[in-house]
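Observations on the three-dimensional arrangement
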Amino acid sequence: MNNRLKLDNHPKLKFEHKKTVNFYYNGHKMQGYEGETVASALYANGIRIFSRSFKYHRPRGISCNSGHCSNCMMRVNGIPNVRTCSEPLTAEMKVESQNAWPSLEFDIASLAGYMDFLLKPGFYYKSFIRPRWLYHIWENFLRERAGIGKIPEKKIHYKQKSGKPDVLIIGGGIAGISAAIHAASAGANVLIAEKENSLGGSLRFQTENINLPEIHLDKPGYEIASETANMLDSYKNCQIFTSSAVFGWYADNIVGLLRADEFWELEPSSIIVATGSYEYPLLFKNNDLPGIYLGKGLMRLMNRDGNNPGQKAVVITVNDYGYVLAQQIINAGISVKAVCDYREENEIGDHKTLNTLQQAGTKCYFDCQIQSAIGKKHVSGISFFHRTNKKKIPTQVSCDFICTNNYRAPANEFIFQKNYTGSYVMESPYKVSRKPEFTENMELGDGFYVAGEASGVIGSTRANYLQGKIAGLSAALSLNVEKTELLNGRIAAIDALKILHKS
Amino acid sequence: MGNNKEIVCFCQDVTKEDLIRSIDEGYDNIETLKRYTGVFMGPCQGKTCGMNVLKIFSEKSGQPFEELKVPSIRPPVVPIPLGAIANSNNGKDDE
Amino acid sequence: MNNKYDVVIIGGGGHGLSLAYNLSKISNLKIAVIEKNYLGSGASGRNGESIRSAFGHDAWIRFHEEAVNLWETISAELKFNVMFTQCGYLVLATSPKKMDVMLNTVKRQQELGVKCHVVNKAEIKKIVPNLTTNIEGGVLQTSGGYARHDAVVWAYAKAAKALGVEIFPFTEVKSIDVKNGKITGIITDKGDIETPIVVNSAGGHCAQIAAMAGIEIPTQTYRLEMIATEPLKPFLKQYVSALDQIGYMHQTARGEFIGGTEPPNFLPSMDLKCTMYNLKDMASKFVELFPCLSGVKIMRQWTGLMPIAPDASPILGPVYDVEGFIMDCGWTYGFMATPASGKYLAQLIKTGNMPSIIQPFSFERFKTRNFIIDPTLVVEAAITE
């Protein structure tokens, strides 16, 4: 596999590839590693455009790389709209692009982008009213153009299963792992469900050191992820479900979960929501070009999949985490040409990382207003100006790819599927969230807990760990297990969290 | 205009400009705006556009962000195949 | 908000707004529409969008045939394309028993002018190739189809506003004043209104509104759930409803497959939270009818409320115990009736006479026990003989 753009010389990470298998993309034979994501395999084969958008047929590439957005949907083995970024590759897989003619690279329908004055939202309510026969012709045209995939050719089969764990933990990031360890060590029967194929959440792609004094670890994130996952693995009363999507908590008190070819109906005694947060794209012109990645999406692409996104990067950020991302791009042996921060220089908190970056030759711009991403089918640069610059003279930086780092908003849909209340909070122009109401025991309601970034408190790894511990102990306590020791543990964790928040 | 678009809703190609115009046209409630433009209703189920739409809506309508109501969120949280939920013993299989 | 109107309509869904529009078109009355939430927040924005007239009871057929005719003209009249498409409405039977029901009704439908005919298994295979072959047959109404439900609400709201109707969303009715057997006004959370006429278009909440005027109506509110899938290229042109599965489904212009079913042991409730019970029922029935949907993903599930009278037919017109209180409720197929109910109730309010086409649906029928039972309805819950 000579043309694979893999990061096999990553200075910090070692990628253990499974065996090489053949697969077919639009009939062309390609090679990839068994078990990596389909998107990763395509990317390594040089594919950058993964889909065409619904209306204007704009080219779209990998963006979130975690199964949330609709950018990478393809037809896989006859099933439409499969998110290739979370579908594992198997031998002889047939992957086909959707909604483009003649090809994703060159799609005639993308001319629609120039007719947008005719295609504004709701245009169909305002046009073809008279005569009626004209609407029927128009309607057929519209229907052919709409829709993304074609219907599948074959049926799928799932096995029905059910379970009644004491504690169900939704999400296997550090908060979920911590909750599971503490609930399981108190004797509860725990089921932890993680959407991706391994536990650890975003720590798995974190190459910087993280200090977790509670368990005496001060190591790169990916090592903490695997060590804590191994700790959890030793509990016999904890079932670990990876590649398992919890899809809903229904009014009839059933939690639905899909895992491989199994459909589980769960009736847990208590639930801990540790679903983390979503990243949102930044808004500027051409913010959807292939080659513009969401921060953690890029981390997955490089540090999980081992793909090489290019030689020159630009990072756009609204908070300090952007500098950590830039550092990790450099850790992978890629140069970061510029960091464009929306904020003013005096709002920066992480001067240490900023200085390291500047010493490594990265130019840092502050008070940036992004004008536009440059490029037609793939990003090739960024154009921005300083807000204080009255003439708005743009600065242009050329690059191979852009990493955007917007605020993250909690992924707490489960909480609001039931009657729990909450509110939207705007902490700064760049930080919004949706916060549920919960007690200091991380309790949302009877037998229902939250931990980690899903709580709306976007904090540090250590805060997420502590929240997980409090929630896990609370869930165990609700089961009438041996008390005093747990209560003391919980009080200690609550105090530690308070001190952490103050600092 | 043209191809330089500021996309808010990646699923249905709704731009920031589109949202502002729709609010001006009188679709000035978040529920109505959703139904008119299609934001929140694409295959990403609002995971890509959600907060950005709310922010634009709050800025344009003058309604403080904190006062927006958290709606009850419809399942499923992730799209799930019909065949996974269907009771296969129930219907006759006619492949 | 003024404190005096000639007519106050409670409920800002399709029905309330259609009535407001039609009434202001033919009269100079001062009209207000009061809606608790946003416009179209109730069943108007949650239904299956179906439009047909091939029913099993004369009163239903006549009324809905008139509605279908009106649907053909409303986009032009309201200057808003509600995307009404006459793609055909197929009622299916998978059991011989339900097939007999249809064979018994289709002749009468044709006599009353409905453009429909019986289709056998082979013909269905041709027009809906993705449908299961385990079917008996069906009736296809070529003039039936569907429209975009939200657009209907917006179109009527816009047109009514242009004619001077005042619309108050996010306003809740707290009570209705009745003096000496006559309506005198209503009290809302935004102020009191004097009015001699109140129309009850409150959808799932119609019984509570009626109770405010001291009227007990025999409806019970049920919850129905629906699902929408990810958008797909066109694979289903017609509107399909399945008698045996008690289900209804179609593919929208955007490409989403949308449908709902009524599960067994259907009980009254007003809870809008979704259930796994309904989800499993829908998924099983849709995969049974369209095996190709097995690998297609569900994107949304939601619930709407449906008030059902003992005979599952709507309740229209005055109640004789309270003068000035007019019913437009108990709809099980309310969406498709939107243009017609507005038109004829407007005539009723203007002239004081009940138009003959809606006469059979009067409130009186519960006293005289002239129930209107239509055997072709895809609703089974409440029917009591």
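1. Structural notes on the pairing of strand S16 (residues 262-266) of chain A
Residue and element names in this part refer to chain A. Most of S16 sits out of view: five of its five residues are buried. Taking every second residue as pointing to the same face, both faces of S16 are buried, with Glu262, Trp264 and Leu266 on one and Phe263 and Glu265 on the other. Sheet topology places strand S15 (residues 255-259) next to S16; five bridges connect them, and they run antiparallel. Across the sheet, the residue bridging to leucine 258 is phenylalanine 263, located in S16.

2. Quick notes on the packing of helix H7 (residues 321-331) of chain A against helix H8 (residues 351-359) of chain A
All names here are of chain A. Put simply, H7 and H8 touch, their axes get as near as 9 Å, and they point 40° apart. Viewed along their axes, H7 and H8 adopt a mutual orientation that is oblique. The chirality of how H7 crosses H8 is left-handed. Residues Tyr323, Val324, Ala326, Gln327 and Ile330 of H7 lie in contact with H8, whose contacting residues are Thr353, Leu354, Thr356 and Leu357.

3. Re the sheet that holds strand S9 (residues 167-170) of chain A
Residues and elements named next belong to chain A. Strand order in the open sheet made by the six strands is S13-S10-S9-S17-S31-S30, with mixed pairing throughout. Edge positions in the sheet fall to strand S13 (238-241) and strand S30 (443-445), since each has one partner strand and no second. Along the sheet, successive strands turn relative to each other by an average axial angle of 20°, direction set aside. Here S9 runs beside strand S17 (residues 270-273); their pairing, made up of four bridges, is parallel. Bridged to isoleucine 170 within S17 is valine 273.

4. Overview of the confidence of the model for chain C
Residues and elements named next belong to chain C. When pLDDT is averaged across chain C, the result is 94; 98% of the residues are at 70 or more. Taken as a whole, residues 381-385 scores under 50 in pLDDT and shows 14 contacts with residues more than four places along the chain or in a different chain. Prediction confidence for the complex, expressed as pTM and ipTM, is 0.94 and 0.92 respectively.

5. Re the nonpolar core
Membership of the largest hydrophobic core comes to 98 residues, with the highest contact counts inside it found for Phe63(C), Trp71(C) and Val82(C). Considering each element in turn, this core owes the most residues, 10 residues, to helix H2 (residues 58-78) of chain C. In this structure Trp71(C) touches Ile51(C), Val82(C), Phe84(C), Ala147(C), Val152(C), Phe335(C), Met336(C), Thr338(C) and Pro339(C), once residues within four positions along its chain are discounted. Counting 77 residues, the second largest nonpolar core, distinct from the first, contains Val273(A), Phe416(A), Ile470(A) and Ala475(A).

6. A word on the side chain of Asn71(A)
Relative to the helices and strands, Asn71(A) resides in the loop between strand S4 (59-60) and strand S5 (73-76). Its relative accessible area of 2% is what places Asn71(A) among the buried residues. A polar atom in the side chain of Asn71(A) sits 3.1 Å from the backbone oxygen of Gly61(A). Beyond its immediate stretch of four places on either side in the chain, Asn71(A) contacts Phe50(A), Ser51(A), Arg60(A), Gly61(A), Ser63(A) and Phe10(B).

7. Concerning the interface of chain A and chain B
Between chain A and chain B, the residue contacts involve 63 residues of the former and 56 residues of the latter. In this assembly, chain A packs against chain B so that about 5300 Å² is buried in total across both faces, 60% of it on carbon and sulfur atoms. Ranking the residues of chain A by area buried against chain B places Pro121(A), Leu283(A) and Tyr424(A) at the top, with a combined share of 15%. Applying the counting criterion to the chain A and chain B interface returns four salt bridges. Two residues, Arg60(A) and Asp13(B), come together in a salt bridge whose shortest N-O distance is 2.8 Å. Counting across the interface, chain A meets chain B through 19 residue pairs in polar contact (both at pLDDT 80 or more). Here the element with the most residues in the side of chain A that touches chain B is strand S28 (residues 422-428) of chain A; it accounts for five residues. For the side of chain A that touches chain B, the residue count by class is 32 nonpolar, 17 polar and 14 charged.

8. Brief notes about the pattern of salt bridges
Scanning all chains against the criterion turns up 43 salt bridges over all chains. Close ionic contact of Glu427(A) with Lys431(A) constitutes a salt bridge, the shortest N to O distance being 3.3 Å. For Asp281(C), the salt bridge is made with Lys285(C), and the minimal N-O distance between the two is 3.0 Å. One end of the pair, Asp281(C), and the other, Lys285(C), are both in helix H7 (residues 276-289), four residues apart, so they sit about a helical turn from each other. Each member of the pair Asp281(C) and Lys285(C) is classed as buried.

9. Side note on the domain arrangement of chain A
All names here are of chain A. Domain parsing of chain A yields domain 1 (3-145), domain 2 (159-278 + 409-502) and domain 3 (292-406). Here the C-alpha centroids of domain 2 and domain 3 sit 31 Å apart. Contact residues are listed per partner, giving seven residues for domain 2 and 14 residues for domain 3. With both sides pooled, the region where domain 2 packs onto domain 3 buries about 1000 Å², and carbon together with sulfur makes up 49% of that total. Summed over the shared surface of domain 2 and domain 3, the result is two salt bridges. In this structure, the salt-bridge partner of arginine 300 is glutamate 196, at a minimum N-O distance of 2.6 Å.

The rules behind the values
Residues numbered from 1 in each chain as written. Chains lettered and ligands numbered in written order. Predicted model: local features only at pLDDT ≥ 70, side-chain atom pairs only at ≥ 80, totals over all residues. Heavy atoms only, no water. Buried < 20%, exposed > 50% of the residue type's maximum accessible area, 1.4 Å probe, protein only. Helix = DSSP H or I, 4+ residues; strand = E, 2+ residues; numbered from the N terminus. Pairing = 2+ DSSP bridges. Axes fitted to C-alpha atoms, helices over the stretch in contact; angles between N-to-C directions. Parallel < 35°, antiparallel > 145°, perpendicular 65-115°, else oblique. Left-handed = near helix turned anticlockwise from the far one by under 90°. Contact = heavy atoms within 4.5 Å. pLDDT = per-residue confidence, 0-100. Core = buried A, V, L, I, M, F, W, Y, C linked by side-chain atoms within 4.5 Å. Polar contact = N/O pair within 3.5 Å; in protein donor to acceptor, adjacent residues only side chain to side chain. Buried area = accessible area lost by both parts, 1.4 Å probe. Salt bridge = Lys/Arg side-chain N within 4 Å of Asp/Glu carboxyl O. Nonpolar A, V, L, I, M, F, W, Y, C, P; charged D, E, K, R; others polar. Domains from an automatic or database assignment.

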